[in-house]
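So you can see what is in the structure, the chains are spelled out below.
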Amino acid sequence: MKQPLAILGSTGSIGEQTLDIVRENPDRFEARILTANRQWERLAAQARAFDADTVVIADERYYAPLRDALADTDTKVYAGDDAVAQVAGGGDTTTVVNALVGYAGLAPSVAALRAGKKLALANKESLVVGGAHVMALAAEKRAPILPIDSEHSAIFQCLAGERAPVRRLIVTCSGGALRDVPMERLARVTVDEALRHPQWSMGAKITIDSSTLVNKGFEVIEAHWLFGTPAEKIDVVLHPQSIVHSMVEFEDGAIKAQLGTPDMRMPISLALMYPDRAIRPQERFDFLAHPQLTFAEVDRVKYPALDIAYDCLRRGGTAACTMNGANEVAVAAFLARRCAWTDIVRAIEYALDRAAFIATPSLDDYAASDAEARRLAEAYLNGNR
Ligand code: MG
């Protein structure tokens, strides 16, 4: 029997690579539901290529052209953020791949879990913002969450078959595009520089998040929720080659690591096929071609975002939601060349200093906290301080 998939964010980097896995395994998967934010032409082409039942375009302005482009097919066409969440929780799919960017991924994750579906999660913000809520819901519905984040997929693999408590999780970090840029030049880095990631080819937002290490901070929070590990047992180590995707140390001193070339189709295929593994034609890792794997400490003065994320994790409540909302606004402003790269972390700090804090938030509280963080970040960026 084929696994019927809903792929949220199918025109993005993770979405396209998920469709590669579907294409490579036509007898295992079918892409029933596809959603995109604005790229309606690409979405229409995917719907035809994969004979999708349903497509959703989140930005309602593109509903009419998408509907017209698919008028001669049986594909149902919807529009709007609510429709994305509805298709995540509805239909006859068993697995939802959430490859949305940012806060927008939370409601569809909740909808998928409420319906008891398996959630293959690339949208780490679902856990950063609402981890307590999301994990409780997954436990209540016995709905599995499989990580599509290379570090968390690595930790997941290291933990498979283990019952003993862990001493620490060691999350590896490439250092991002600005790893070798001296600190005094950071205020002047251009968008192009920050988008030039040395190892991973990813969407723009996550590439900027990697350059600030906001992404690594979010991954610490994500690891906490996925594996139930407290902040003080999660370490981050710089590993410029991005070959060791992360590690787990146990109480007897044993350390397990998962290695491979940087290719997101590995964690994607594992999330879809676990406990099986894909047979993939990709390049194999060659130890002799990479005789040196190096590790170093992260520069926490150059990258304050990492400690801010740890602090948000320790505070709990809506703190990480505030960090995320401010970051989304600031990254968009940086990409639009409205602010300096260093303003991203400053906008986050500005919002965290002023936002209301709710210790045990409801889903509505997250929405209010996200909106407040966005307002505060805008105020900082507009100079209304
Ligand atoms: Mg990652």
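Residues numbered from 1 in each chain as written. Predicted model: local features only at pLDDT ≥ 70, side-chain atom pairs only at ≥ 80, totals over all residues. Heavy atoms only, no water.

(A) Just the layout of surface pockets, in detail. Approximately 400 Å³ is the volume found for the second largest pocket. Forming the walls of the second largest pocket are 17 residues, and the residues nearest its centre are Met 266, Arg 277, Ala 278, Arg 280 and Gln 282. Secondary structure elements with two or more residues in the lining of the second largest pocket: β11 (255–259) and α11 (265–273). Per-element accounting of the lining of the second largest pocket gives the leading share, 3 residues, to α11. Taken together, the residues that form the lining of the second largest pocket break down as 6 nonpolar, 6 polar and 5 charged. (1 Å grid on protein atoms, 1.4 Å probe; cavity = no way out; pocket = protein on both sides within 12 Å on 5 of 7 lines; lining within 4 Å. Points joined across faces, edges and corners; volume = space filled by probe spheres on them. Helix = DSSP H or I, 4+ residues; strand = E, 2+ residues; numbered from the N terminus. Nonpolar A, V, L, I, M, F, W, Y, C, P; charged D, E, K, R; others polar.)

(B) Fine view of the coordination of the magnesium ion. On the protein side, the magnesium ion has Asp 149 (OD), Glu 151 (OE) and Glu 219 (OE) as donor atoms, found 2.0 to 2.1 Å from it. In terms of primary sequence, the donors binding the magnesium ion are separated according to D-x1-E-x67-E. Taken together, the positions of Glu 151 in helix α7 (residues 150–159) and Glu 219 in helix α10 (residues 214–227) put the pair 68 residues apart, joining distant regions of the chain. Given the relative accessible area of 8%, Glu 151 is considered buried. Overall, the relative accessible area of 1% leaves Glu 219 in the buried class. (Donors = N, O, S within 2.8 Å, 3.2 Å for Na, K, Ca; no water. Buried < 20%, exposed > 50% of the residue type's maximum accessible area, 1.4 Å probe, protein only.)

(C) Looking closely at the pairing of strand β1 (residues 3–8). In terms of burial, β1 is largely enclosed, as 6 of its 6 residues are buried. A two-sided burial pattern is seen for β1, the buried positions comprising Gln 3, Leu 5 and Ile 7 on one face and Pro 4, Ala 6 and Leu 8 on the other. Regarding the hand of the β-α-β motif, the stretch spanning β1, helix α1 (residues 13–24) and strand β2 (residues 29–36) is right-handed. Bridge count for β1 against strand β5 (residues 95–98) is 4 bridges, and the pairing is parallel. Within β5, the residue paired with Leu 8 across the bridge is Asn 98. (Right-handed = clockwise from strand over helix to strand, strands pointing away. Pairing = 2+ DSSP bridges.)

(D) Fine view of the sheet that holds strand β8 (residues 166–173). One open sheet holds the 4 strands; their spatial order is β9-β8-β10-β11, and the pairing between them is mixed. Of all the strands in the sheet, just β9 (234–238) and β11 have a single pairing partner and so form its edges. If you compare each strand with its neighbour and ignore which way they point, the axes differ by 20 degrees on average. Sheet topology note: the strand β10 (residues 244–250)/β11 ladder contains 5 bridges and is antiparallel. The partner of Val 244 across the bridge, within β11, is Leu 259. Here α7 sits on the sheet in contact with β8, β10 and β11, set at roughly 40 degrees to β10. (Axes fitted to C-alpha atoms, helices over the stretch in contact; angles between N-to-C directions. Contact = heavy atoms within 4.5 Å.)

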